[in-house]
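Chain by chain, the residues run as shown.
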Amino acid sequence: MTASDNGQARRDRLVHRQYEDLPYPPRDPADERKRLITGSPSHLAEIDHYVFGGRRDLSSPLNVLIAGGGTGDGTIMLAQQLAWESQALGTPAAQVTYLDLSAASMAVAQTRAEARGLDNIRFLQGSLLDVAGLAPGPYDYIDCCGVLHHLEDPAAGLAALMSVLKPDGGMGLMVYGALGRTGVYPVQNALRALSPEGLPPDERVATARTLLASLPESNWLKRNTLVADHITAGDPGLFDLFLHSRDRAYTVPQVAALVEGAGLALTGFVEPVNYDPAIYLTDTDLAAKAQALPWLDRCALAENLGGTIKTHSFYVVPSNRAGGLPPSPDSQTTVPVIRDGNHAELAKGLAGRKRIQVDLNGVKHRFDLPEGAAAVLAQIDGRRSLDAIHKGLGLDWFVFRQRFDRLYAVLHALNILLIRRAG
Ligand SMILES: C[S@@+](CC[C@H](N)C(=O)[O-])C[C@H]1O[C@@H](n2cnc3c(N)ncnc32)[C@H](O)[C@@H]1O
């Protein structure tokens, strides 16, 4: 059967057309003056932790590919973080290659880069399936966020990316989560019946808005208050959510199968706390049973219990080098890093607190903090090692380690505290 026989060529055309008509996510380049959008995957501190185990060679410039870069969120974040790093350290500038099918999306990303004065990005229009011919790299790091699930064959997309990855590199990926998107696919199906794909986009958006306003209370989308892109991201958000001509969603075991099939291994989901069943299990026997499971089974259990994971963001490396990843704070040379560099602010917020309360997808969770948490946090500047911090605090090493390990368990799970190695 040829591509056009089974409708693939038509879906390819529709996907391309959607992102030309409605670049997603919608971004105004003028906002670059006000803020840098950061997120996961591909925050530099996360890459250092989950891909390089805290041992990235800072003197050697990273070669990065952003596959399906859209309107530029991942590209701008990482290119900016790398530019700041090379300015601060006086090291050679890292290079970021942006690749996307959509010329309209690429124009937004380019204007954002210009607004920031970033000159470390190469912009290319094309399909990631053709990356080996268009921009063969090889790359130390590849970002592919929210793209694989829109391909006819996501495994072929991942294989194309794998073919341009250095053996000692890694990737940050995001695909939709099946449970957190409960209710999305029945609405997509209903809209295919009520507003066929060939109609003009604005007419389809209008039909979708009419339908959404009249859904019965029993509809699963009405019950899933976590899905909100159609409310927060305008017409592009609504189209991407309900009128896309091709998307699929993954459970944790399906993510693992996709990754393993490409010869890759998972090094972590972000934020880890959402993949920890312990946050849902108050019964001690059940909690102990969950704790005894292998890591991926625990992640799958948490997904099934919480039901809130709308997207899976995760890091992968070639499977032969997954040992020791993610790193743990197991030696005096470990350098704890606050992901967003705001250690003073965090220390102030935690001063005198025995626990913190965090809202995770609408559910409140409490985490116990060790004694002296704020004092330890105040010392974490991304340069001092655990050895230097414990000496600075005047604490016995074993007392310090107990406190630090508890603090690390809580703040790593919340994606606040990561690791680098000294030297
Ligand atoms: C949902 S957007 C995500 C954009 C961006 N990665 C982000 O997270 O903000 C999906 C993007 O993937 C692009 N895309 C879809 N299929 C592609 C392909 N085969 N090769 C390259 N880009 C593709 C679309 O044009 C669109 O810009």
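In this text the structure is predicted, and so the values were computed from the model without any measurement.

Participant: Account for the site of the ligand, with residues named and values stated.
Facilitator: Around the ligand, the structure places 17 residues, and the nearest of them are Gly68, Asp100, Ser127, Leu128 and Cys145. Glycine 68 is positioned such that a nitrogen or oxygen atom in its backbone is 2.7 Å from a nitrogen atom of the ligand. With respect to the ligand, the backbone of leucine 101 contributes an N or O atom lying 3.4 Å from a nitrogen atom. If the ligand stood free it would expose 590 Å²; the protein chains cover 93% of that surface. Residues of the shell around the ligand, tallied by class, amount to eight nonpolar, eight polar and one charged.

Participant: Lay out the domain arrangement of the protein chain with the relevant residues and their values.
Facilitator: Each assigned domain of the protein chain is listed here: domain 1 (8-176 + 250-321), domain 2 (184-242) and domain 3 (334-421). Distance from the C-alpha centre of domain 2 to the C-alpha centre of domain 3: 42 Å.

Participant: Residue-level account of the pattern of salt bridges, with values.
Facilitator: Enumeration according to the criterion identifies 30 salt bridges in this entry. Two residues, aspartate 31 and lysine 34, come together in a salt bridge whose shortest N-O distance is 2.9 Å. A single salt-bridge network, built from bridges that share partners, covers Arg27, Asp31, Glu32, Lys34, Arg35, Asp73, Arg112 and Arg116.

Participant: Summarise the pairing of strand 1 (residues 63-67); cite the residues concerned and give the values.
Facilitator: Two faces belong to every sheet, and in a regular strand the side chains alternate between them. Within strand 1, four of the five residues are buried, which leaves it mostly tucked inside the rest of the structure. Where strand 1 lies against strand 2 (residues 95-100), five bridges are found, and the strand directions are parallel. Across the sheet, residue alanine 67 finds its bridge partner in strand 2, namely leucine 99. Handedness of the crossover joining strand 1 and strand 2 through helix 3 (residues 73-89) is recorded here as right-handed. Bridge analysis of strand 1 against strand 4 (residues 139-145) gives three bridges, and the strand direction is parallel. Bridge pairing in strand 4 places leucine 65 opposite isoleucine 142.

Participant: Mind laying out the environment of arginine 339, listing which residues take part and the relevant values?
Facilitator: With respect to the element layout, arginine 339 can be found in the loop between strand 8 (334-338) and helix 15 (343-350). Judged by relative accessible area, which is 12%, arginine 339 ranks as buried. Between the alpha carbons of arginine 339 and isoleucine 416 there is a distance of 5.3 Å; along the sequence they are 77 residues apart. Non-local contacts of arginine 339, meaning those with residues more than four positions away in its chain, are made with Gly39, Ser40, His43, Ala45, Glu46, Asn415, Ile416 and Leu418. A distance of 3.5 Å separates the side chain of arginine 339 from the side chain of serine 40, its partner in a polar contact.

Rules and cut-offs
Residues numbered from 1 in each chain as written. Predicted model: local features only at pLDDT ≥ 70, side-chain atom pairs only at ≥ 80, totals over all residues. Heavy atoms only, no water. Near = heavy atom within 4 Å. Polar contact = N/O pair within 3.5 Å; in protein donor to acceptor, adjacent residues only side chain to side chain. Areas by Shrake-Rupley, 256 points an atom, 1.4 Å probe, with all protein chains shown as cover. Nonpolar A, V, L, I, M, F, W, Y, C, P; charged D, E, K, R; others polar. Domains from an automatic or database assignment. Salt bridge = Lys/Arg side-chain N within 4 Å of Asp/Glu carboxyl O. Buried < 20%, exposed > 50% of the residue type's maximum accessible area, 1.4 Å probe, protein only. Helix = DSSP H or I, 4+ residues; strand = E, 2+ residues; numbered from the N terminus. Pairing = 2+ DSSP bridges. Right-handed = clockwise from strand over helix to strand, strands pointing away. Contact = heavy atoms within 4.5 Å.

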